[in-house]
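Overview (structure and organization)
The lines below spell out each chain.
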Amino acid sequence: MATATVPPSSATFSKSFYASLHEIPGGEKVRTCLQCGTCNGVCPFGYLMDYPPGKMIAALRAQRFERVTEAETVWMCVSCYACSQVCPVRIPLTAGLMTRAKEELLLAGNIPSELQIALENTQRYGNPLGESPRKRADWAKGVKPRVPIMSEERRPVEVLWFVGDYGSYHPRVQPVSRALANVFNALRIDFGILGAEEVSDGDSQRLAGERGLFEMLAAKNGRAFSQYEFKEIVTGDPHAYNAFKNEYPRLGIAYPVRHYTEFLAERLDALKPLLKHEVNARVTYHDPCYLGRANGVFEAPRQLLSAIPGIELVEMPHNRTTSLCCGGGGGGMWIDGFQWEKAHTRLSEWRVREAMKVGADILAVACPYEAPRFEDATKTVPGAARLIVRDIAELLAEAMGD
Ligand code: SF4
Ligand code: SF4
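Residues numbered from 1 in each chain as written. Chains lettered and ligands numbered in written order. Predicted model: local features only at pLDDT ≥ 70, side-chain atom pairs only at ≥ 80, totals over all residues.

**Some points on the site of ligand 1**
Contacts to ligand 1 come from 17 residues, most closely from Cys 43, Cys 77, Cys 80, Ala 82 and Cys 83. At 3 residues, helix α6 (residues 93-107) tops the list of elements feeding residues into the shell around ligand 1. A breakdown of the residues in the shell around ligand 1 according to their chemical character gives 14 nonpolar, 3 polar and no charged. (Near = placed C-beta within 6 Å. Helix = DSSP H or I, 4+ residues; strand = E, 2+ residues; numbered from the N terminus. Nonpolar A, V, L, I, M, F, W, Y, C, P; charged D, E, K, R; others polar.)

Here it is as structure tokens:
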């Protein structure tokens, strides 16, 4: 006769979750939480969460973690690293505590339906947008000289360009990919892309609690990387950059990687003579969470913008480590409806308001999540219709005369 499964007691569940945090690098520091509340205060949606990080740790200590898995407001976490940045005892809150909590919510079936669709699309098609893998390189049609695809070239290259999901498929981001291809071509960079062999880097899915899916995607990309000879990976996607730099090596997939802004900033001497056309505008730069706070790349994007003739670079009050999140990280890209229901505001709107306050004509970005998100926000923030959103690659191509 089958015996009924007895659910673990609240205390056992809390203890096993607590123990699982010790398997994460630095996770044992959770024991040193001071309950200072700084993380809760800095969290952009902390005021809406039943369990922002500090309160989650308090629930764990009280052996009440099952209450956390019942709280759907955990999904308001956009993995922005603001809490990790300010924690005085450096507890890995974003990639550790909050991500492990989301894994438990997924196991409990507590998941917004929009997120479920994005994860299923990724599982089935290799990208969260549900697009055909065969169309992954379609964005490059018409680029001259043509964008080389590694499986067709069959030769070593200097740079393997990882284009990413949004750069490959999203109608607002495909022009960014074409602009970057034009910049690479103008600089005579020897590069190639994976085309249909590329799948999602999986970092946002990992941070949304789907570690198994992340590992499957990493294995697929790792197999594709291993087939070709190249010196380094360059990507325009800070989420892919974070995955390749910090997460894939733990799975034995280790290659040098740089964000395109770092790669181009190193070539400023060659780039500057090509920037012949003035872009007369007051420009402010939004630091993406996964380029800035998570990986410390702050200056390369600013060096590129400063090299463009005519640009006056101004800073928003929240810049570098205090940058405001666009709301797209950690699965936020796929749960806009859920977050709107809870917050009746979007984080991207906060950022657009700040760009307006410093009198910017252009909000410059360097992450494929951002141009679509901020452009949408310019349509809903009163008076923001005049703010132009441009990726740095687009501004460089424009200054080259594209
Ligand atoms: S990572 Fe960002 S959104 Fe998530 S809990 Fe920390 S501060 Fe809040
Ligand atoms: S900032 Fe760090 S020490 Fe303070 S409550 Fe949050 S997790 Fe605990």
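**Regarding the site of ligand 2**
Neighbouring ligand 2 are 15 residues; Cys 33, Cys 36, Cys 39, Gly 54 and Cys 87 lie closest to it. Breaking the shell around ligand 2 down by element, the ones donating at least two residues are α2 (38-42) and α3 (53-61). Examining the composition of the shell around ligand 2, we find that 3 residues originate from one element, α3, more than from any other. Of the residues that constitute the shell around ligand 2, the class distribution is 11 nonpolar, 4 polar and no charged.

**Notes on the packing of helix α10 (residues 174-186) against helix α20 (residues 392-400)**
In the contact formed by α10 and α20, the axes pass within 8 Å of each other and the chain directions differ by 50 degrees. The orientation of α10 relative to α20 falls into the category oblique. Handedness of the crossing formed by α10 with α20: left-handed. Mapping the contact onto sequence places Pro 175, Val 176, Ala 179, Leu 180, Asn 182, Val 183 and Ala 186 in α10 and Ala 393, Glu 394, Leu 396, Ala 397 and Met 400 in α20. Here the residues of the contact of α10 with α20 are counted per class, giving 10 nonpolar, 1 polar and 1 charged. (Axes fitted to C-alpha atoms, helices over the stretch in contact; angles between N-to-C directions. Parallel < 35°, antiparallel > 145°, perpendicular 65-115°, else oblique. Left-handed = near helix turned anticlockwise from the far one by under 90°. Contact = placed C-beta atoms within 7 Å.)

**Quick notes on the environment of Asp 287**
The residue Asp 287 is located in the loop between β5 (281-285) and α16 (299-307) in this model. Using a count of 26 C-beta atoms within 10 Å as the deciding quantity, one classes Asp 287 as buried. Taking the C-alpha atoms as reference points, Asp 287 and Ser 323, 36 residues apart in sequence, are found 5.9 Å from one another. Each residue touching Asp 287, except ones within four places of it in the same chain, is listed here: Gly 292, Phe 298, Asn 319, Arg 320 and Ser 323. (Buried ≥ 20, exposed ≤ 12 C-beta atoms within 10 Å, placed from the backbone.)

**Some thoughts on the nonpolar core**
Within the largest apolar cluster, 113 residues are counted, with the highest numbers of intra-cluster contacts made by Leu 305, Leu 363, Ala 364, Ala 393 and Leu 396. Contacts of Leu 305, omitting those with residues within four sequence positions, involve Val 283, Tyr 285, Ile 311, Leu 313, Ala 364, Ile 392 and Leu 395. (Core = buried A, V, L, I, M, F, W, Y, C linked by C-beta atoms within 7 Å.)

**Considerations on the pairing of strand β8 (residues 388-391)**
Here strand β7 (residues 362-365) pairs with β8 via 4 bridges, running parallel. In the strand pairing of β8, Ile 362 is matched with Ile 388. In this view, the connection linking β7 to its parallel neighbour β8 by way of helix α19 (residues 370-380) has right-handed handedness. (Pairing = 2+ DSSP bridges. Right-handed = clockwise from strand over helix to strand, strands pointing away.)

**Looking at the domain arrangement of the protein chain**
It is common to give the size of an interface as the accessible area that goes away when the parts come together. For the protein chain, the domain assignment lists domain 1 (10-107), domain 2 (114-265) and domain 3 (268-400). With centres defined by C-alpha atoms, the gap from domain 2 to domain 3 works out at 21 Å. Taken residue by residue, the interface counts 34 residues in domain 2 and 36 residues in domain 3. Taken together, the elements giving at least two residues each to the side of domain 2 that touches domain 3 come down to α7 (113-125), α9 (165-169), α10, α11 (203-207), α13 (238-247) and α14 (260-265). Considering each element in turn, the side of domain 2 that touches domain 3 owes the most residues, 7 residues, to α10. In the side of domain 2 that touches domain 3, the residues fall into 19 nonpolar, 10 polar and 5 charged. (Domains from an automatic or database assignment.)

**Thoughts on the sheet that holds strand β3 (residues 230-235)**
Either a parallel or an antiparallel arrangement is found when strands of a sheet pair, and the pairing is made through backbone hydrogen bonds. Taken in spatial order, the 4 strands of this open sheet run β2-β1-β3-β4, and their pairing is parallel. Looking at the sheet topology across the chains shown, the edges are occupied by β2 (191-193) and β4 (257-259). When strand polarity is set aside, the average angle formed by the axes of neighbouring strands in this sheet is 35 degrees. Here strand β1 (residues 157-162) runs beside β2; their pairing, made up of 3 bridges, is parallel. Each bridged residue has a counterpart across the sheet, and for Trp 161 the counterpart in β2 is Ile 193. Those strands touched by α13 are β1, β3 and β4, and its axis lies near 160 degrees from that of β4.

**Observations concerning unusual backbone geometry**
A cis geometry characterises the amide bond from Lys 144 onward to Pro 145, with omega recorded as -5 degrees. You can see Pro 145 is positioned in the loop between α7 and α8 (150-153). The phi dihedral of Ser 79 is positive, around 50 degrees, even though this residue is not glycine. In this structure, Ser 79 sits in the loop between α4 (65-69) and α5 (82-86). You can call Ser 79 buried: it has 28 C-beta atoms within 10 Å.

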